[in-house]
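Given next are the chains, with one letter for each unit.
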Amino acid sequence: DTGVSQDPRHKITKRGQNVTFRCDPISEHNRLYWYRQTLGQGPEFLTYFQNEAQLEKSRLLSDRFSAERPKGSFSTLEIQRTEQGDSAMYLCASSLKRNEQFFGPGTRLTVL
Amino acid sequence: ELKVEQNPLFLSMQEGKNYTIYCNYSTTSDRLYWYRQDPGKSLESLFVLLSNGAVKQEGRLMASLDTKARLSTLHITAAVHDLSATYFCAVDKLGFGNEKLTFGTGTRLTIIP
């Protein structure tokens, strides 16, 4: 399967713990995006990379959130000191330049 | 700030009926997308509309775009149960600082046998 993959698919954690998610984009796609979707809402943009450069961050991305794409391939999204409000589906998407974005299966985070 | 509104938010319809979902956006945009999402799943791309008057059809779904009115519609013809899902529209505007999708709140469609 050559689509966008995300790992893990589900994560349950206790408040205050750190979590890290991984996204592997479609090979050759130079752009990678992170979105967050809470229950009953549409996805909201968090950040995006072009190759290894992080070009835009949303105001939703508090200091507890950090994203990296060190070699311009896979990306990680880390949330430190998780809060119950962080519970959501975290979606990753990739695109070739400014072409259509393709979404991964998502990581569902539950903070207890 | 770009805003996208969909209506209705919830739609319950009988099999065999026709209906339309509306998507309005607040400022000029370059591309408009329709996605389908099943419960607990990711987004499935349905249509990408690029220009005024664009119309695309796939099976029982047809999407259209009126850029002057900043309006897109998703028309469902002779609905079947398999179309039950949440449908999102999204827009983007090319250019530095706008390289992201802005989504509507979604329309949760339930087809009743």
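Parameters at a glance
- Residues numbered from 1 in each chain as written.
- Chains lettered and ligands numbered in written order.
- Predicted model: local features only at pLDDT ≥ 70, side-chain atom pairs only at ≥ 80, totals over all residues.
- Heavy atoms only, no water.
- Helix = DSSP H or I, 4+ residues; strand = E, 2+ residues; numbered from the N terminus.
- Rg over C-alpha atoms; globule rule 2.2 N^0.38 Å.
- Buried < 20%, exposed > 50% of the residue type's maximum accessible area, 1.4 Å probe, protein only.
- Contact = heavy atoms within 4.5 Å.
- Areas by Shrake-Rupley, 256 points an atom, 1.4 Å probe, with all protein chains shown as cover.
- Lys, Arg positive; Asp, Glu negative; His and termini not counted.
- Charge placed at Lys NZ, Arg CZ, Asp CG, Glu CD.
- Pairing = 2+ DSSP bridges.
- Axes fitted to C-alpha atoms, helices over the stretch in contact; angles between N-to-C directions.
- 1 Å grid on protein atoms, 1.4 Å probe; cavity = no way out; pocket = protein on both sides within 12 Å on 5 of 7 lines; lining within 4 Å.
- Points joined across faces, edges and corners; volume = space filled by probe spheres on them.
- Nonpolar A, V, L, I, M, F, W, Y, C, P; charged D, E, K, R; others polar.
- Phe/Tyr/Trp six-rings, centres within 6.5 Å; stacked < 30°, edge-to-face > 60°.
- Lys NZ or Arg CZ within 6 Å of the ring centre and 35° of its normal.

Colleague: I tried to follow the overall build of chain B on my own but got confused; where do I start?
Modeller: A count of helices and strands for chain B gives zero helices and 11 strands. Relative to the compact-globule value of 13 Å for 113 residues, chain B shows a C-alpha radius of gyration of 14 Å, a close match. Taking the principal axes of the C-alpha coordinates as reference, chain B spans close to 45 × 30 × 20 Å. Relative to its 113 residues, chain B shows a buried fraction of 45%. In chain B, 54% of the contacts between residues at least 6 apart in sequence involve partners at least 24 apart. For chain B, the exposed surface amounts to about 5700 Å²; the carbon and sulfur share of it is 51%. Computing the positive centroid from 12 side-chain charges and the negative centroid from 11, chain B places the two 3 Å apart.

Colleague: Would you explain the environment of A:E83 in this entry?
Modeller: All names here are of chain A. Relative to the assigned elements, E83 resides in the loop between β8 (75-79) and β9 (88-95). Since its relative accessible area comes to 41%, E83 is described here as partly exposed. Between the C-alpha atoms of E83 and L39, which are 44 residues apart in sequence, the distance is 16 Å. Look past the residues within four positions of E83 in its chain and what remains in contact with it is R15, R64 and V111.

Colleague: Would you take a moment to explain the sheet that holds β8(A) for this structure?
Modeller: Adjacent strands of a sheet form backbone hydrogen bonds with each other and so pair up, either parallel or antiparallel. Residue and element names in this part refer to chain A. Taken in spatial order, the four strands of this open sheet run β1-β3-β8-β7, and their pairing is antiparallel. The open sheet has two free edges, formed respectively by β1 (5-7) and β7 (65-68), since each of these has just one partner strand. Adjacent strand axes in the sheet meet at a mean angle of 15° when their direction is disregarded. As judged from the three bridges shared by β1 and strand β3 (residues 19-24), these two strands associate in the antiparallel manner.

Colleague: Which parts of the structure should I look at to understand unusual backbone geometry?
Modeller: What is expected of a backbone is that most residues other than glycine have negative phi and most peptide bonds are trans. Cis rather than trans, the peptide bond between A:D7 and A:P8 has omega equal to -5°. The residue A:P8 is located in the loop between β1 and β2 (10-13) in this model. Residue B:P8 follows B:N7 across a cis peptide bond; omega there is 0°. When you line up the elements, B:P8 lands in the loop between β1 (4-7) and β2 (10-14). With a phi angle near 55°, B:R70 is a residue other than glycine that sits in the positive phi range. One can find B:R70 in the loop between β7 (61-66) and β8 (71-76). For B:A78, which is not a glycine, the phi torsion comes out positive at approximately 50°. Among the secondary structure elements, B:A78 is positioned in the loop between β8 and β9 (85-92).

Colleague: Would you mind going over empty space enclosed by the protein with me for this structure?
Modeller: Which parts of space are left empty comes out when a probe the size of a water molecule is rolled across the atoms. In the structure shown here, the tally under the stated rule is one cavity of 30 Å³ or more. Of the volumes computed, that of the largest cavity is approximately 50 Å³. What lines the largest cavity is A:Y33, A:S95, A:R98, A:N99, A:Q101, B:R31, B:Y33, B:D92, B:L94, B:E99 and B:K100. Looking at the lining of the largest cavity residue by residue, the class counts come to three nonpolar, three polar and five charged.

Colleague: I'm lost on the packing of aromatic side chains in this one. Help?
Modeller: The relative placement of two aromatic rings is captured by the distance of their centres and the angle of their planes. This model, assessed by the stated rule, comprises 12 aromatic pairs over all chains. Between A:Y35 and A:F45, the aromatic rings sit 6.0 Å apart at their centres with planes inclined by 75°, giving edge-to-face as the arrangement. In this pair, A:Y35 is assigned in strand β4 (residues 31-37) and A:F45 in strand β5 (residues 44-50), connecting sequence segments 10 residues apart. The buried category is assigned to A:Y35, whose relative accessible area is 0%. Pairing B:Y35 with B:F103 gives two aromatic rings, centres 5.7 Å apart and planes at 40°, and the pair type is tilted. Linking B:Y35 in strand β4 (residues 31-37) with B:F103 in strand β10 (residues 102-103), this pair joins segments that are 68 residues apart in sequence. Note on B:F103: relative accessible area 9%, which makes it buried. Among the aromatic residues, those joined into a ring-pair cluster are A:Y33, A:Y35, A:F45, A:Y48, A:F103, B:Y33, B:Y35, B:F88 and B:F103. The positively charged end of A:R22 is found above the aromatic ring belonging to A:F74, 3.9 Å away from the centroid.

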